[in-house]
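Observations on chain architecture
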Amino acid sequence: MTPLDEPGVAAGPHTGRSRRRGVGAGGRRGVPLPLLLPGVLALAFLLLPLLALLIRAPWRSLPDQLTSAEVWQALQLSLVSATAATAVSLVLGVPLAWLLARTEFPGRGFVRALVTLPLVLPPVVGGVALLLALGRNGVIGQWLDAWFGITLPFTTTGVVIAEAFVAMPFLVISVEGTLRAADPRYEEAATTLGASRFTAFRRVTLPLIAPGIAAGAVLAWARALGEFGATITFAGNFPGRTQTMPLAVYLALQNDPEAAISLSLVLLAVSITVLAGLRDRWMTPS
Amino acid sequence: MTRSVCRTRRMWPLAGASAAALIALSACSASSDSPASSKSSDTVTVFAAASLKESFTTLGKKFEQDHPGTKVSFNFGGSDSLAASITGGAPADVFAAASPRTMALVTDKQEAAGTPATFVRNQLEIATVPGNPHKVSSLKDLTESGLKVVLCDRTVPCGAAAQKALDASRLRLTPVSYEQDVKGALTKVELKEADAAVVYKTDVKAAGDKVEGVEFPESAGAINDYPIALLKNAPHAEAAKAFIALVRSAEGQQVLSEAGFLKP
């Protein structure tokens, strides 16, 4: 770990803006083989399956498959629900990240670990847990049903909830990390100048950590877009209502692998476009 | 000191990510270990449809008693994905599928030794929440509005069979969800999220008193045959043949019909 840190430390005296150049100069010093070999292997390992998808794609029948109404329905639903899940994550997740980074309370470390649990939990388990909590017969869901007549499973709202459940930790982790790196003294200065703590958060902290929030939001959006297990378990699968692209891919794989490959390509293209489009603007270290 | 604390804090997301990666890796190695362990000369590996889980587990124990020193290891799952694993090179001795179509995925690739034999048949049944509060008594009752019904997706055997039964009786049914397999459909009823599901008789039986079964006459026209086959590259062909013989024997058929399967 220490040798890896060195370029960063070397770049330390420079301002943040010159950091890229610093790393570039470090690269010219020569790459040790024990790092290069596994690094290139890792790259190949991550990219090869995607390459296979392109190689095996049924290019000839692709236009027909992609113009079907079901594909557009699924894609539309995927985009809308992933965006909604990201919005939910932002509204709830940023305050949570602030609480974790800026306040002291007993058991904070434990709470922080719990927050990231959906990251490592098998998504299907997450879906079952959501059913037990928010389902028609669930711990909270039965009251929602009895009092307001709201049932969440098998609805588009259910899809958004399932996606937010697995995607929000990405945002919280990213924002919390940025908050910890940001100097709290700016906030303190603002409060001593008469701003309320919330004003300080809104006017000082938020602009300061905006890139971190954006990066977290992109990660959360991408995770939500690819969500499968929790969605199919909690929200079910119905075309136009709860069938997102990953569900459509899985079910197409059962008897029409070519269709599954085509659908996967669409999902891949959308993800890459958004990630690439946002990366330059938001995700470069400030 | 402060600096190192600061760095550990900044490393936190990284640590989280690498922990996740580690867990993912260990999960991978665990699953790739299991075929390796089946290499020991006395283990028969059986890939079987999820609906056979209860009865085949019983038969496996019986087989191990009858053949001391021989172990039976099962891989239960959706017939489609099992077939995909087999054609993908998974080391298996026996394949028992929930439909001739899924067995054909394996036989078409010349992966089976000999012709698959139908060893049981399975009939559909309606599963409702215990007590059947909506008084479902026929397939037609499921089409009533306000009733939350789940079906298997048409791409999986139970969904194809349900669609066949609905088409035959000219019924149109809009479910709240098309589930990816029969257990998924049943779970939604067990958790009382759905009011009813069309599943196999054997699943209703295996669920015990968590669901209530309602038979419907149209199911007779949509019965699924279950074929079993010895695989061509079976590492333990002799023991595998013995296991298939047990499944097809009177003793095996007894266990299977107790689980709700029909005789072929």
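Rules used in this analysis
Residues numbered from 1 in each chain as written. Chains lettered and ligands numbered in written order. Predicted model: local features only at pLDDT ≥ 70, side-chain atom pairs only at ≥ 80, totals over all residues. Heavy atoms only, no water. Helix = DSSP H or I, 4+ residues; strand = E, 2+ residues; numbered from the N terminus. Buried < 20%, exposed > 50% of the residue type's maximum accessible area, 1.4 Å probe, protein only. Contact = heavy atoms within 4.5 Å. Areas by Shrake-Rupley, 256 points an atom, 1.4 Å probe, with all protein chains shown as cover. Disulfide = S-S within 2.5 Å. Axes fitted to C-alpha atoms, helices over the stretch in contact; angles between N-to-C directions. Parallel < 35°, antiparallel > 145°, perpendicular 65-115°, else oblique. Left-handed = near helix turned anticlockwise from the far one by under 90°. Nonpolar A, V, L, I, M, F, W, Y, C, P; charged D, E, K, R; others polar. pLDDT = per-residue confidence, 0-100. Phe/Tyr/Trp six-rings, centres within 6.5 Å; stacked < 30°, edge-to-face > 60°. Lys NZ or Arg CZ within 6 Å of the ring centre and 35° of its normal. Expected span 1.5 Å × (residues − 1). Arc of directions from axis to C-beta. Pairing = 2+ DSSP bridges.

1. Side note on the overall build of chain A
- Per the secondary structure count, chain A includes 15 helices and 0 strands.
- Counting over 286 residues, chain A shows a buried share of 40%.
- Relative to all contacts within chain A whose residues are 6 or more apart in sequence, the contacts with residues 24 or more apart total 73%.
- As presented, chain A carries roughly 15,900 Å² of accessible surface, and 69% of it is formed by carbon and sulfur atoms.

2. Focus: the state of the cysteines
Residue and element names in this part refer to chain B.
- Summed over all chains, the structure comprises 1 disulfide over all chains.
- What pairs with Cys152 in a disulfide is Cys158, and their sulfur atoms sit 1.9 Å apart. The sign of the S-S torsion, about -110°, decides the handedness of the disulfide formed by Cys152 and Cys158: left-handed. The same class applies to Cys152 as to Cys158, namely buried.

3. Section: the packing of helix α3 (residues 53-66) of chain B against helix α9 (residues 237-248) of chain B
Residues and elements named next belong to chain B.
- With their axes 11 Å apart at the nearest point, α3 and α9 run at an angle of 120° to one another. Classified by the interaxial angle, the pair formed by α3 and α9 is oblique. By crossing handedness, the relation of α3 to α9 is classed as right-handed. Where α3 abuts α9, its residues Phe56, Leu59, Gly60 and Phe63 lie against Ala239, Ala242, Phe243, Leu246 and Val247.
- Here the contact of α3 with α9 is composed, by residue class, of 8 nonpolar, 1 polar and no charged.

4. Points about the confidence of the model for chain B
Residues and elements named next belong to chain B.
- Averaged over chain B, the pLDDT score is 84; the fraction of residues at 70 or greater is 84%.
- When pLDDT is averaged over each element of chain B, strand β3 (residues 94-96) comes out on top at 96 and helix α1 (residues 2-10) at the bottom at 42.
- Per-residue pLDDT stays below 50 along residues 1-40; that stretch engages in 19 contacts with residues further than four places along the chain or on separate chains.
- Quick note on the complex model: pTM equals 0.74, ipTM equals 0.71.

5. Digging into the packing of helix α6 (residues 108-115) of chain A against helix α10 (residues 156-181) of chain A
Residues and elements named next belong to chain A.
- Axis separation between α6 and α10 bottoms out at 10 Å; the angle between their running directions is 140°. On the basis of their axis angle, the class for α6 and α10 is oblique. Here Arg108, Arg112 and Val115 of α6 lie close against α10, whose contacting residues are Pro169, Val172, Glu176 and Arg180.
- For the contact of α6 with α10, the class distribution of residues is 3 nonpolar, no polar and 4 charged.

6. A closer look at the packing of aromatic side chains
- Under the defined criterion, the tally for this structure stands at 14 aromatic pairs over all chains.
- A ring pair is formed by Phe56 of chain B and Phe74 of chain B, whose centres lie 6.1 Å apart and whose planes are at 50°; its orientation type is tilted. Residue Phe56 of chain B is located in helix α3, and its partner Phe74 of chain B is located in strand β2 (residues 71-77); the two are separated by 18 residues in the primary sequence.
- Since its relative accessible area comes to 0%, Phe56 of chain B is described here as buried.
- Residues Phe63 of chain B and Phe243 of chain B carry aromatic rings whose centres are separated by 5.6 Å and whose planes lie at 80° to one another, so their mutual orientation is edge-to-face. With Phe63 of chain B in helix α3 and Phe243 of chain B in helix α9, the pair connects residues that are 180 residues apart, well separated along the chain.
- Residue classification places Phe63 of chain B among the buried residues on the basis of a relative accessible area of 1%.
- Its end group placed over the ring of Phe238 of chain A, Arg241 of chain A keeps NZ or CZ at 4.5 Å from the ring centre.

7. Considering the environment of Leu278 of chain A
- Turning to its location among the elements, Leu278 of chain A is positioned in helix α15 (residues 257-283).
- For the pair Leu278 of chain A and Val218 of chain A, spaced 60 residues apart in the sequence, the C-alpha separation amounts to 7.6 Å.

8. A few points about helix α8 (residues 123-134) of chain A
- Taking 1.5 Å of rise per residue, the 12 residues of α8 of chain A would be expected to cover 16 Å, and the 16 Å separating its terminal C-alpha atoms lies within 8% of that figure.
- For α8 of chain A, the full list of buried residues reads Gly126, Gly127, Leu130, Leu131 and Leu134 of chain A. Axial view of α8 of chain A: buried residues confined to an arc of 140°, hence all on one face.
- Where α8 of chain A is buried, its residues meet α9 (141-148), α10 and α13 (229-234) of chain A together with α7 (182-190) of chain B.

9. Observations regarding the sheet that holds strand β4 (residues 112-122) of chain B
All names here are of chain B.
- If you trace the 5 strands from one edge of the open sheet to the other, you get β2-β1-β3-β10-β4, paired in mixed fashion. Lying at the two open borders of the sheet, with one neighbouring strand each, are β2 and β4. Going from strand to strand, the sheet's axes swing by 20° on average, the running direction of each strand aside.
- Relative to β2, strand β1 (residues 43-49) runs parallel, the two sharing 7 bridges. Within β2, the residue paired with Ala49 across the bridge is Gly77.

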